[in-house]
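An overview of the molecular structure
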Amino acid sequence: MFHLGTHRFLWLAALSLIPTRVFCSSAEIPDVPSIATYFGTKTRYEEVKPNLLRDPLTVNTSVLRPPPGEFCTPFHVTAVIRHGSRFPTVKNIRRIHRLSELLQNEASRTSESPTGWLDELRNRWEPWYTEDMDGRLVMKGREDLQFLAQRLATLLPSLLSEENVRKRRIHFVTSSKHRCVSSVEAFQEGLQQHWGCHDSAQGYNYEVDDELMRFFERCRGYVEGVENNHTALLEVEKFKHGEEMQKGNVPFDLFFPFRALLDLVEAAFFICSYELSIKSIHSPWCFLFDESDAKVLEYSFDLKQFWKRSHGHLISSLSSCPLFHHIFRTLDKAGQPASVLVGHAETLIPLISLLGLYKDQTLPTASNYHSQHGRSFRTSHIIPYAANLLFVLYDCQRGPRLQLLINETPLHFPNFQTEDAPLYRDVRAAYRYLLDGCDFNRDMNSIYIS
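Residues numbered from 1 in each chain as written. Predicted model: local features only at pLDDT ≥ 70, side-chain atom pairs only at ≥ 80, totals over all residues. Heavy atoms only, no water.

**Looking at the overall build of the protein**
Note the following rule: Secondary structure counts use DSSP, requiring at least four H or I residues in a row for a helix and at least two E residues in a row for a strand, with both numbered from the N terminus. Under the scheme applied here, a residue whose accessible area is under 20% of the maximum for its type counts as buried, over 50% as exposed, and between as partly exposed, the area being computed with a 1.4 Å probe on protein chains only. We call two residues in contact whenever any of their non-hydrogen atoms come within 4.5 Å of each other. Every accessible area reported is derived by Shrake-Rupley at a probe size of 1.4 Å, with residue values counting cover from the shown protein chains alone.
For the protein, the helix and strand inventory stands at 20 helices and seven strands. When each of the 450 residues of the protein is scored for burial, the buried share is 58%. Once local pairs closer than 6 in sequence are excluded, the contacts in the protein between residues at least 24 apart make up 80%. Total accessible area on the protein is roughly 18,800 Å²; 49% of this is exposed by carbon and sulfur atoms.

**A short note on the environment of Phe269**
Mapped onto the secondary structure, Phe269 falls in helix 13 (residues 259-279). The exposure class assigned to Phe269 is buried, which follows from its relative accessible area of 1%. When the C-alpha atoms of Phe269 and Phe287 are compared, they prove to be 9.7 Å apart, with 18 residues separating the residues in sequence. Those residues within four positions of Phe269 in sequence are excluded, and the remaining contacts are Ile35, Tyr38, Phe39, Phe289, Ala294, Leu297 and Phe301.

**A word on the state of the cysteines**
Convention followed: What counts as a disulfide here is a pair of cysteine sulfur atoms lying within 2.5 Å.
The full count for this structure, using the stated rule, is three disulfides. There is a disulfide in this structure between Cys72 and Cys396, and the S-S distance comes to 2.1 Å. Residues Cys72 and Cys396 are joined by a disulfide whose S-S torsion is about 120°; by sign, that bridge is right-handed. One end of the pair, Cys72, is in strand 1 (residues 72-82); the other, Cys396, is in strand 5 (residues 388-396), and 324 residues separate them in sequence. Under the relative-accessibility criterion, Cys72 is labelled buried at 15%.

**Let's talk about the pattern of salt bridges**
Opposite charge on two side chains lets them pair, provided their charged atoms get close. Just so we agree on the cut-off: Any Lys or Arg side-chain nitrogen located within 4 Å of an Asp or Glu carboxyl oxygen qualifies as a salt bridge.
According to the stated counting rule, one finds 25 salt bridges in the structure shown. Residue Arg94 is joined to Glu131 by a salt bridge in which the shortest nitrogen-to-oxygen separation is 3.0 Å. Placement of Arg94 in helix 3 (residues 90-109) and of Glu131 in the loop between helix 4 (116-124) and helix 5 (139-155) is noted, with a sequence separation of 37 residues between them. On the accessibility criterion, Arg94 (44% relative accessible area) is partly exposed. Judged by its relative accessible area of 36%, Glu131 falls in the partly exposed class. A single salt-bridge network, built from bridges that share partners, covers Arg95, Lys240, Asp263 and Glu266.

**Digging into the pairing of strand 1**
Basically, it comes down to this: The pairing criterion for strands is at least two bridges between them, as found by DSSP.
Counting buried residues along strand 1, eight of its 11 residues qualify, which places the element largely inside the surrounding structure. In terms of strand pairing, strand 1 meets strand 5 through nine bridges, oriented antiparallel. Counterpart to Ile81 in the pairing with strand 5 is Asn388. Note that strand 1 and strand 4 (residues 338-343) share six bridges and pair parallel. Within strand 4, the position partnered with Val80 by the bridge is Leu341.

**Describing unusual backbone geometry**
One non-glycine residue, Ser280, lies in positive phi territory at about 60°. Tracing the chain through its elements places Ser280 in the loop between helix 13 and helix 14 (291-309).

**Some thoughts on the confidence of the model for the protein**
Selection criterion: For every residue, the predictor reports its confidence as pLDDT, a number between 0 and 100.
With 84% of its residues at a pLDDT of 70 or more, the protein has an overall mean of 87. The model gives residues 1-30 a pLDDT under 50, and that stretch makes 56 contacts with residues more than four places away or in other chains. Across residues 251-258, confidence stays below pLDDT 50; counting only partners more than four residues off in sequence or on other chains, it has 30 contacts.

**Re the sheet that holds strand 2 (residues 170-174)**
As a reminder, the rule being used: Note on definitions: angles span 0 to 180 degrees between N-to-C directions of axes, and those axes are lines fitted to C-alpha atoms, for helices only across the stretch in contact.
Taken in spatial order, the seven strands line up as 3-2-4-1-5-6-7 in an open sheet, and their pairing is mixed. Looking at strand neighbours, the two that pair on one side only are strand 3 (207-208) and strand 7 (409-411), the edges of this open sheet. Strand direction decides the pairing type here: strand 5 and strand 6 (residues 401-406), joined by six bridges, are antiparallel. When the bridges of strand 6 are listed, Leu390 appears paired with Leu405. Most of the contacts of helix 17 (residues 345-354) go to strand 1, to which it runs at about 125°, and overall it touches strand 1, strand 4, strand 5 and strand 6.

**Considerations on helix 9 (residues 220-227)**
Every α-helix winds through 3.6 residues per turn, so residues three or four apart in the chain are directed the same way. As a reminder, the rule being used: Relevant arc is that of directions from the helix axis to the C-beta atoms, nothing else.
Residues of helix 9 that are buried: Gly221, Tyr222, Gly225 and Val226. The buried side chains of helix 9 occupy one side of the element, clustering within an arc of 90° when seen end-on.

**Some points on the environment of Phe215**
Considering the arrangement of structural elements, one finds Phe215 in the loop between helix 8 (210-213) and helix 9. Of the residues examined, Phe215 reaches a relative accessible area of 0% and is grouped as buried. Counting along the chain gives 40 residues from Phe215 to Ser175, while the straight-line C-alpha distance between them is 9.9 Å.

**Remarks on the packing of aromatic side chains**
The condition that has to hold: Each Phe, Tyr or Trp ring, with Trp reduced to its six-membered ring, pairs with another whose centre is within 6.5 Å; inter-plane angles below 30 degrees give stacked pairs, above 60 give edge-to-face pairs, and intermediate values give tilted ones.
For the coordinates displayed, the defined rule picks out 20 aromatic pairs. Measuring from centroid to centroid gives 6.3 Å for Phe87 and Trp128, while their planes differ by 65°, and the two rings are edge-to-face. Here Phe87 is found in the loop between strand 1 and helix 3, whereas its partner Trp128 is found in the loop between helix 4 and helix 5, with 41 residues between them in sequence. On the accessibility criterion, Phe87 (18% relative accessible area) is buried. Aromatic pair Phe239 and Tyr299: ring centres 5.0 Å apart, planes at 70°, arrangement edge-to-face.

**So, helix 17**
Of all the 10 residues making up helix 17, nine are buried; the element is thus mostly covered by neighbouring parts of the structure. Every buried residue of helix 17 is listed here: Ala345, Thr347, Leu348, Ile349, Pro350, Leu351, Ile352, Ser353 and Leu354. Downstream of helix 17 by one or two residues, Gly356 has phi in the positive range, about 85°.

**Let's talk about the side chain of His344**
Basically, it comes down to this: Between N or O atoms, a polar contact is any pair within 3.5 Å; within protein, one atom must be a potential hydrogen donor and the other a potential acceptor, and residues adjacent in sequence are included only when both atoms are from side chains.
Tracing the chain through its elements places His344 in the loop between strand 4 and helix 17. Engagement of the side chain of His344 in a polar contact is seen with the side chain of Arg214, the distance being 3.0 Å. Excluding residues that lie within four positions of it along the chain, His344 makes contacts with Arg82, His83, Ser175, Lys177, Arg179, Cys180, Met213, Arg214 and Phe216.

The structure is reproduced here in structure tokens:
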């Protein structure tokens, strides 16, 4: 059990400072918390694509943008997809349990003079997380991938066609983690539902490849230089103990000098996110945080992803070279109409960074929070559950063209800001320095921090 010890009075003082967070009646609680767009990698896909809340199968076919004056036909798509909504991992489930125990103990201890906030939360919320859930895909997560598959089949019907589904012409690869395996199965179910060709006897069809989809575990330079290097995330640590975190409306000044209490504040924020993404409910924990609190916490999460997985250290993005090379080999051959690769946030963020995307002129640090409000690197927008990066290859009159989409929205390659679908040979030329180098065994294990 978690004990505050001599800091118990600070916890109670913290609770007493939140009388303005009024709990609404159930009839007044909105469906979506106002802070739902700030959950970082724990954000629902619907916060990025809110039109899906009305119709999860709505598709905007105008996102496919080959040159209007040139006849083009899509003839291949490679999709790199993050798994759908999931349960918390064991680490966060234990943090939630510690928070729950503290809540119950303090509520019982103050029962003779109840604190309104404590009483409301204790009466309206019960912990339901168990350690055997450990990051597994939830039903909402299966729907994330089923609906995504159906939307992509509508967007690219000649590639994700009924015939290609029936004859298994689509290549599927997944991480070995159960949430990814379940996600690739759900994606295949979605294609079958779309075309009405479900055949239970046929079963699922995919390849498990952790060297490709969990490359970050196999790059010694990354593991030693970032993952196991306590200095690699100094900006994150400085921000967590800095001014912005300590002056929030959730009484950060009382919580944050103590590491355990910082973890509990994050756990409360995570409960809000999990219960929205898993159960589509507005958790009472959400009322602890207003938008300014959520922005600060989101920035803390983004700092971690930036300095651990993205542009912060060169080796982080270079660790995705095996996947980068695999994608371009697939595009070179285009032997199958579609390739679907299912992995993690940790799969997509380094790859997106290696492509040169979402790289702001000023790096986010512990000291420049206020100048980063307009940053492009916001994981809440880029890597929600079921995030997807699509490489659509067109057969055009002037030669093959390649269009990039992220989360079903067009995105320009860095060197082609005026072209939605540049010539494929020009894209390859722009990434020549990576295609000719970026050798995983030779280069990746010799580069640490840069």
